[in-house]
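Fold and geometry: a report
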Amino acid sequence: MAAIKQIQVTFDCAEPERVARFWCEVLGYVVPPPPEGFATWDDFDRALPPERQGSAFACIDPSGVGPRLYFQRVPEGKVVKNRVHLDVRVGTGLVGEERLAALEAECARLVALGAVRVRLLLADAHNESCLLMQDIEGNEFCLD
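Residues numbered from 1 in each chain as written. Predicted model: local features only at pLDDT ≥ 70, side-chain atom pairs only at ≥ 80, totals over all residues. Heavy atoms only, no water.

A look at the sheet that holds strand 3 (residues 68-73)
Defined as follows: For two strands to be treated as a pair, DSSP must find at least two bridges joining them. Put simply, DSSP H or I for four residues or longer makes a helix, DSSP E for two residues or longer makes a strand, and each gets a number counted from the N terminus. Orientation is described by axes fitted as lines to C-alpha atoms, over the contacting stretch for helices, and by angles from 0 to 180 degrees between their N-to-C directions. Contact criterion: two residues are considered in contact whenever any of their non-hydrogen atoms come within 4.5 Å of each other.
The sheet built from 3 strands is open, its strands ordered 1-3-2 with mixed pairing. Pairing within the sheet leaves two strands with one partner each, and these edge strands are strand 1 (8-13) and strand 2 (56-59). On average, each strand axis in the sheet is inclined to that of its neighbour by 20°, with strand direction left out of account. With respect to the sheet, helix 1 (residues 16-27) is in contact with strand 1, strand 2 and strand 3, its orientation differing from that of strand 3 by roughly 155°.

Let's talk about helix 1
What counts is decided by this rule: Here a helix's expected span is defined as the number of its residues, less one, multiplied by 1.5 Å. Partly exposed residues are those whose accessible area sits between 20% and 50% of the maximum for their type, while under 20% is buried and over 50% is exposed, using a 1.4 Å probe and protein chains only.
Given a rise of 1.5 Å per residue, 12 residues ought to cover 16 Å, and the 16 Å separating the end C-alpha atoms of helix 1 matches this to within 8%. Of the residues making up helix 1, those classed as buried are Pro16, Val19, Ala20, Phe22, Trp23, Cys24 and Val26. Gly28 lies just past helix 1 and shows a positive phi near 75°.

So, the sheet that holds strand 5 (residues 116-121)
Strand order in the open sheet formed by 4 strands is 4-7-6-5, and the pairing between neighbours is mixed. In this open sheet, the two strands that pair with only one neighbour each are strand 4 (86-88) and strand 5. Taking each pair of neighbouring strands and ignoring which way they run, the sheet shows an average axis angle of 25°. For strand 4 and strand 7 (residues 140-143), the ladder comprises 3 bridges, and the chain directions are parallel. Within strand 7, the residue paired with Leu86 across the bridge is Phe141. Contacts from helix 3 (residues 96-112) reach strand 5, strand 6 (130-134) and strand 7 within the one sheet, and its direction differs from that of strand 6 by about 10°.

Some points on the pairing of strand 7
Each regular strand carries side chains that alternate between the two faces of the sheet. Sheet topology note: the strand 6/strand 7 ladder contains 4 bridges and is antiparallel. Bridge pairing links Leu132 to Cys142 in strand 7. If you look at the hairpin formed by strand 6 and strand 7, you'll find 5 residues sitting between the two strands, and Gly138 has a positive phi there, around 90°.

Function cannot be read off these values alone, since they describe shape.
Here you go:
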C-alpha cells in the first residue's frame, strides 16, 4: 500500500478569495502563482464561465511543508459547528502564564484581521489552555 504524502484542507465558504487571504495572514501562507498562460489570478478568473468566476481560491505554505488550503464557494451558509477544525499551534511547549500570554497576543492579532474570539479554555488535568475562535466566515478554529 502506498503511503499518503500530502493532504489538502478544503473550506466551504461564501467568499473564497477573502477567506483564503485571511488564512494567508493567519498562517504565513501565500497565494500560489496563477496557471500557466495567465499573468494574474484575476486574468484566469475572467477566463472562466461567469457562473464559475470567484468560485475557488487556494493558498500554500511557502516552505512546502504544510498542507495546501483550498476554498470553494457553496450556496449555503454555515449552520452548525464544524466537524473538523484547524488548531493553530502558537503555544507549543509553553505552559501557564507564558502560554496564556502567547495565546492572547496571537488572538489580538487575529481579531484585528477579522477573527472572532469565542472563549478561553483553561488548562485542566489533561489539556493545556487554548482559545476557541472563528474565522471571518464563522468557521471554528483553536489557538493551541
